[in-house]
Each structure stands twice: as C-alpha cells, then as structure tokens.
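Below, each chain spelled out in residue letters.
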Number of protein chains: 2
Amino acid sequence: MIRIGIVGLGLIGGSLGLEFRAQGYPVVGVSRRQTTCDRACERGLVDRAEVNARILADVDVVFVCTPIGAIAPTLTHIIPHLQENTLVTDVGSVKRPIVEAVRPLWPHFIGGHPMAGTEQQGVEAGCLGLFQNAPYVLTPEPETPAAPLATLQTLVQGLGCRLYLCNPDEHDRAVARISHLPVMVSASLIATCSQGLSPEALKLAQELASSGFRDTSRVGGGNPELGMMMAQYNQTALLAALADYRDRLGRIETLIKQGDWPALAQVLQATQAARSGFL
Amino acid sequence: MIRIGIVGLGLIGGSLGLEFRAQGYPVVGVSRRQTTCDRACERGLVDRAEVNARILADVDVVFVCTPIGAIAPTLTHIIPHLQENTLVTDVGSVKRPIVEAVRPLWPHFIGGHPMAGTEQQGVEAGCLGLFQNAPYVLTPEPETPAAPLATLQTLVQGLGCRLYLCNPDEHDRAVARISHLPVMVSASLIATCSQGLSPEALKLAQELASSGFRDTSRVGGGNPELGMMMAQYNQTALLAALADYRDRLGRIETLIKQGDWPALAQVLQATQAARSGFL
C-alpha cells in the first residue's frame, strides 16, 4: 500500500488527504502550526499530523500543497527526512519555475497541477469530491523514470480527475491564457467600472450591474495574493498572452471606431463558436 | 384597468405578457408572423395576437419589445393605429439613440430597459419570474408628463423589478461600462485563447479551461447580433469605456513587466474590494 505524506493542509492538501484516506491509503500531514495539525486530524484529513517533517520518514509519495512561493523552501526543509526514493510532487499553478528550482534539490520530483478550487481556504476548506472531473496535469520530463510516474498517475486517476501529461512550458503557456490572463482581464474590468467615475455614475453602474458583469468580474475579484503569484511565477507566458490580448481587443475597438458592424458581427460569431470548444 | 399591448413576443415581450396577464391586465400582442401569434396565444403570453397592428387600437400602454434596430420602424408602423394619448415604451438596451429617433414620431414615449435575460430567444422563451429583482430603468426627460410616467412606474414595480429613473445619457454611459464593455472584453479573451495557437496548444488550452475561463468568457460567447447592436447603438459611450479599459489593462501590464508585485497585489486588492459594491 502506498504511504502518502501531505505538506500544507489547506483546500488542496486537505481535500487530497480526505480522498486518499477514503480509498484506504495511510496519510500523514505536516503543517507549520500545531493547531492546524490538530484540526486536520479532527476533520479526518489525515491519520496523523505534526509540525515536524520527520513524520514523512516512511512515506512513499509526498504532495507539497503550499503556496507557489513556499514550494522550493519546503523541499529544502523536508528533504533531510525523506527516504532516498521518495517521490515528491506539488500542486502549484505554474510549473517551469518550480521544476527548475526543485530538480537540483530532489531528483525524484514530478510537477503537478490539479485545476480545482473553491472560494474557501485553510484547514476547514478541504472536502471530498473537489477533484471529480477536474483536469489534473502532470509535467514529467524526458529524464523522469517510468515507475514513479506510473504510481502518481494511479493516485491521480483514483481522484476522479481527467489526467493530462505535458511538459512544464506547454502547461505554463496554456494556463497563462486560460487561467491567468482572465484574472488580469477581469480585474481591469472592475477597475474601469469602479474608478474615476463621479459618485452618481458609480452608484448607477453598481445598481445596474447584473449577471454579465458578475460573471466577467468574478476572477478579477478573487484572492489578490494568488493573482499576484500567478503573474510573478508565470511572468513571461502571461506577458505574451497579454500582448496577444491587447492586439485582439484593439481589433474589436478599431471595428467599433470604423462602424464596421458586419465585421464586428463576424468576430463575435467566431468567438461564440470557439467558446464551445472549451466547455 | 390599464389595457396593454406588446409588439414583439420573444423573451422580454412574452415574459411581460405572462406577468401582466397573471396580474389580471388585458394584454394583446403583435408579431410579424401568424405562427408566432398563434403560439403566443397557446402559451398564454397574451389574450389575443395579430400580425395587424390595428389590434392596438384600444390599448393604453404599448411595450415595443423588438430588437433595437426595429424600434423606430415599428413605431412608424403602429402609430396610425394608436389613440392620441397612448403611452409607448420600449425595452432596448440603449436609450439615447432610441429616444432621439422616436420622440419626433410620438410625443408620449418613455424609454425603458429591463435588465433581465436568459439564453433563450423567441416565442418559447417568455417565462414568469424573469424580472424578479432585476433592475428596470426608465428614462423620462424634463418634458415627460407626470401621469403616464406614474402609470408606467406602477406597471414596472408590479413586475417585482428594482426601478431606476435616470436620463438616457446616464443610462447609456453606465451600461456601456457594466454591460457592453464586458462583451468586448470577454470576446477578446476567447479570441486570444482560440486563435493563432498551434493545434496542440489549442487542444491543451481547451482541456485545461475551467470555471475561471468559463465565467469570464460567457458574455463574449453570447448572441453576436446583440453584441453588434450594443456597439452600433452605443458606439460613443462604448468607445469611451474601451479607452478607459485599455488604460487600466495597460497599467496592470506595466506592473507585471516591471515585476512590481506589491503594486500588482494592491491593484488586485482594490478590485477585490470594489467588486462587492456591484453584487
């Protein structure tokens, strides 16, 4: 039976613990705070939890479920306690910088990204079913050995995820467009609708905002820390996506300026048709 | 008892008919097609319906529920059949160009805009409850007499709407930002994620797209004809909103280029805080 360790017991780490325990795997957890360890045990996220990483001494697979910026420091911290062949994976939403930082520290590392979430955070957030039908990307590289990859694939597929394998750069370019770009696009919309207006115009806009504004502004109104880290760790790919976006938006603006309504209708027909390919 | 006429028996017209009939008002309908008239009667959207506007001869209030571009031509068509004091209102999502076009044709006109909708269209789309808690804007002007405005306010409030009064220009500037701008912002996102990518990159983006992309792209994947008409009839206000938007997006892009993460986090904190004022 594969023995699992989870470092970071928030939404993703806690949900992974619940799922793996429900499948009968032994699961231990690590958190920086004793109160989190205690609560994680109470909630049944893990069998046992400690602030000390020595609890990872006999596990086969470690899921590092900290924020992106803490992944490499966490590796440095837990490595002295791991067995030589322990497989380590992470759940960060950007892969290339993590792979680059972690590979020199630990050869048995395979990057991962479960694309699931709720608005919740912290030790109370973990829940069963979070990963059902969600995409879960693994980013093995040519030198990744087959056996640990197969182990990780088995674990991920047991979560009910849709598993995808690609290299870290392909992953980062894709999520820059479909996940990080929307945050900046949406935040800019909120800024445009809320800043620099007269008090009367702002009040009217707030009163008339309906489902179109609500949906388009959702991710721009999300966790600021997370949005900032996406940009920081996926800077290059996000800037490329933003440059493309500026170009697309400029074309639409030009058509509106020119009053070329048939051409604008064509653009909107194309986007209507294209969207269904993403759902 | 106020007698009501509805011209155009699609989503909005049909829903208005159902609501007013449920409140006991007599309601007649006009559609260009006999099959639509027949179906509207079968569905109980109206008491009677005809393709001929003479059916409006004894109504007190007419709701013109055609697409924006058909509102003024519809007025020209029905005017010969109206009584001198019949109040006419519309449901178009832009107000200044309609008011300008219609006022010379018919002095007893008050612009209106119920901000409710579903994905449905046509005579099968009308449904009860569509307007519950939705904003409904009326745009009276200084010369609008008080009595017909009071009648219309009574009818609108009976729908369960949140009624707002403002002038047509204020309305158009507000909806340019919170309703028309999101369509263009969202369509540009879809274009960026679907056009100019390699087949492999497109496939990966499609597979990894999740709720963030789904919500941010929803209105950009909507009815192209409607999006085009918003731009056509609200061109000036929408261009102003787009220019503002470009500026806001450019500021975010600059912060990402500069790697000024604390400043980016501040921007995202401000948009997170501002969004709640619109919900």
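The paragraphs below set out a description of the structure included in this document. (Residues numbered from 1 in each chain as written. Chains lettered and ligands numbered in written order. Predicted model: local features only at pLDDT ≥ 70, side-chain atom pairs only at ≥ 80, totals over all residues. Heavy atoms only, no water.)

## Re the overall build of chain A
- Along chain A, the regular secondary structure elements total eleven helices and eight strands.
- For chain A, the C-alpha atoms occupy an extent of roughly 70 × 45 × 30 Å along the three principal directions.
- Of all intrachain contacts in chain A linking residues separated by at least 6 positions in sequence, the fraction that spans at least 24 positions is 67%.
- For chain A, the computed accessible surface area is about 11,200 Å², with 51% contributed by carbon and sulfur atoms.
- If you average the places of the 22 positive and of the 25 negative side-chain charges in chain A, the two averages end up 3 Å apart. (Helix = DSSP H or I, 4+ residues; strand = E, 2+ residues; numbered from the N terminus. Contact = heavy atoms within 4.5 Å. Areas by Shrake-Rupley, 256 points an atom, 1.4 Å probe, with all protein chains shown as cover. Lys, Arg positive; Asp, Glu negative; His and termini not counted. Charge placed at Lys NZ, Arg CZ, Asp CG, Glu CD.)

## A few points about the state of the cysteines
- For the structure on display, the rule yields zero disulfides over all chains.
- Just so you know, cysteine 127 of chain A is unpaired, no disulfide at all, and the nearest cysteine sulfur is the one on cysteine 161 of chain A, 12 Å from it.
- Here cysteine 127 of chain A falls in the partly exposed class, since its relative accessible area comes to 28%.
- Take cysteine 37 of chain B: it sits in no disulfide, and the sulfur closest to it among the cysteines is that of cysteine 41 of chain B, at 7.0 Å.
- You can call cysteine 37 of chain B buried: its relative accessible area is 1%. (Disulfide = S-S within 2.5 Å. Buried < 20%, exposed > 50% of the residue type's maximum accessible area, 1.4 Å probe, protein only.)

## Structural notes on the sheet that holds strand 1 (residues 4-7) of chain B
Residues and elements named next belong to chain B.
- With mixed pairing, the eight strands of this open sheet are ordered in space as 3-2-1-4-5-6-7-8. The open sheet has two edge strands, strand 3 (48-50) and strand 8 (162-165), and neither has a second partner. The average angle at which neighbouring strand axes cross in this sheet is 25°, direction not considered.
- As judged from the four bridges shared by strand 4 (residues 61-64) and strand 5 (residues 87-90), these two strands associate in the parallel manner. When the bridges of strand 5 are listed, valine 61 appears paired with leucine 87.
- Along the sheet, helix 3 (residues 71-78) makes contact with strand 1, strand 4 and strand 5, crossing strand 4 at roughly 145°. (Pairing = 2+ DSSP bridges. Axes fitted to C-alpha atoms, helices over the stretch in contact; angles between N-to-C directions.)

## Comments concerning helix 11 (residues 261-275) of chain A
- Relative to the 21 Å expected for 15 residues at 1.5 Å per residue, helix 11 of chain A spans 21 Å between its end C-alpha atoms, a close match to the ideal helical length.
- Inspection of helix 11 of chain A places Trp261, Ala263, Leu264, Ala265, Leu268, Thr271, Ala274 and Arg275 of chain A among the buried residues, and these make up the whole buried set.
- Elements that come into contact with the buried residues of helix 11 of chain A comprise helix 10 (235-258) of chain A together with helix 6 (168-194), helix 8 (211-217), helix 9 (224-233) and helix 10 (235-258) of chain B. (Expected span 1.5 Å × (residues − 1).)

## Looking at the nonpolar core
- Residues Ile256 of chain A together with Leu56 and Ile256 of chain B are the most contacted members of the largest nonpolar core, which totals 107 residues.
- One finds Val61, Phe63, Ala134 and Leu155 of chain A within the second-largest nonpolar core, a separate group that totals 36 residues. (Core = buried A, V, L, I, M, F, W, Y, C linked by side-chain atoms within 4.5 Å.)

## Comments concerning the sheet that holds strand 5 (residues 87-90) of chain A
Residue and element names in this part refer to chain A.
- Taken in spatial order, the eight strands line up as 3-2-1-4-5-6-7-8 in an open sheet, and their pairing is mixed. Both edges of this open sheet fall to strand 3 (48-50) and strand 8 (162-165), since each of them pairs with a single strand only. Going across the sheet, the axis of each strand differs from the next one's by a mean of 25°, ignoring polarity.
- Sheet strands in contact with helix 3 (residues 71-78) are strand 1 (4-7), strand 4 (61-64) and strand 5, and its direction is about 145° off that of strand 4.

## Quick look at the relation of the copies chain B and chain A
- Least-squares fitting of chain B to chain A yields an RMSD of 0.1 Å, with the transformation described by 0.0 Å of translation along the axis and a rotation of 180°. Expressed as a symmetry operation, the mapping of one chain copy onto the other fits a two-fold axis. Taking C-alpha positions as reference, the residue of chain B nearest the rotation axis is threonine 216 of chain B, located at 2.1 Å.
- Taken as a fraction of all interface residues of chain B, those also at the interface in chain A reach 100%, which identifies the copy contact as same-surface. (Least-squares fit on C-alpha atoms with pLDDT ≥ 70 in both.)

## Quick notes on unusual backbone geometry
Residue and element names in this part refer to chain A.
- Notably, asparagine 133 is not glycine yet its phi reads approximately 70°, a positive angle.
- Relative to the assigned elements, asparagine 133 resides in the loop between strand 6 (109-114) and strand 7 (135-139).
- Residue classification places asparagine 133 among the exposed positions, given a relative accessible area of 51%.

## A closer look at the pattern of salt bridges
- Inspection of the entire model under this criterion finds 40 salt bridges over all chains.
- Where glutamate 207 of chain B meets lysine 203 of chain B, a salt bridge forms, and the shortest distance between an N and an O atom there is 2.9 Å. With a gap of four residues between them, glutamate 207 of chain B and lysine 203 of chain B both fall in helix 7 (residues 199-208), about one helical turn apart.
- Each of Arg96, Glu100, Arg103, Glu141, Glu143 and Asp169 of chain A takes part in one network of salt bridges that share partners. (Salt bridge = Lys/Arg side-chain N within 4 Å of Asp/Glu carboxyl O.)

## As for the packing of helix 6 of chain B against helix 9 of chain B
Residues and elements named next belong to chain B.
- Between helix 6 and helix 9, whose axes approach to 10 Å, the crossing angle comes to 120°. Between helix 6 and helix 9, the interaxial angle falls into the category oblique. Crossing hand, helix 6 versus helix 9: left-handed. Between helix 6, through Ser179, His180, Val183 and Met184, and helix 9, the contact on the second element is made entirely by Gly227, Met230 and Ala231.
- When its residues are assigned to classes, the contact of helix 6 with helix 9 shows four nonpolar, three polar and no charged. (Parallel < 35°, antiparallel > 145°, perpendicular 65-115°, else oblique. Left-handed = near helix turned anticlockwise from the far one by under 90°. Nonpolar A, V, L, I, M, F, W, Y, C, P; charged D, E, K, R; others polar.)

## A word on the packing of helix 6 (residues 168-194) of chain A against helix 10 of chain B
- Where helix 6 of chain A contacts helix 10 of chain B, the two axes come as close as 9 Å, and the packing angle between them is 130°. By the criterion of interaxial angle, the relationship of helix 6 of chain A to helix 10 of chain B is oblique. Like other packed secondary-structure pairs, helix 6 of chain A and helix 10 of chain B cross with a definite hand, here right-handed. Contacts between helix 6 of chain A and helix 10 of chain B pair Met184, Val185, Ala187, Ser188, Leu189, Ala191 and Thr192 of chain A from the former with Ala241, Asp244, Tyr245, Arg248, Leu249, Ile252 and Ile256 of chain B from the latter.
- When the residues that make up the contact of helix 6 of chain A with helix 10 of chain B are grouped by side-chain class, the tally is ten nonpolar, two polar and two charged.

## Some details on helix 2 (residues 34-42) of chain A
Residues and elements named next belong to chain A.
- Of all the positions in helix 2, only Thr36, Cys37 and Ala40 are classed as buried. The arc that holds the buried residues of helix 2, viewed along the axis, is 100°, so those residues lie on one side. Turned more than 90 degrees away from the buried face of helix 2 sit Thr35 and Glu42, all of them exposed.
- Buried residues belonging to helix 2 abut strand 3.
- Positive backbone phi, approximately 75°, marks glycine 44, located one or two places after helix 2. (Arc of directions from axis to C-beta.)

## Looking at the interface of chain B and chain A
- With 83 residues of chain B at the interface, the matching set in chain A holds 83 residues.
- Roughly 7,800 Å² is buried in total at the junction of chain B and chain A, and carbon and sulfur atoms are behind 70% of that figure.
- Seen at the junction of chain B and chain A, the total is four salt bridges.
- Ionic pairing is found between aspartate 215 of chain B and arginine 218 of chain A, a salt bridge with its closest N-O pair at 2.6 Å.
- Where chain B meets chain A, there are 24 residue pairs in polar contact (both at pLDDT 80 or more).
- Of all the elements in the fold, those that place two or more residues in the side of chain B that touches chain A are strand 7 (135-139), strand 8, helix 6, helix 7, helix 8, helix 9, helix 10 and helix 11 (261-275) of chain B.
- Looking at the side of chain B that touches chain A, the element that brings in the most residues is helix 6 of chain B, giving 19 residues. (Buried area = accessible area lost by both parts, 1.4 Å probe. Polar contact = N/O pair within 3.5 Å; in protein donor to acceptor, adjacent residues only side chain to side chain.)

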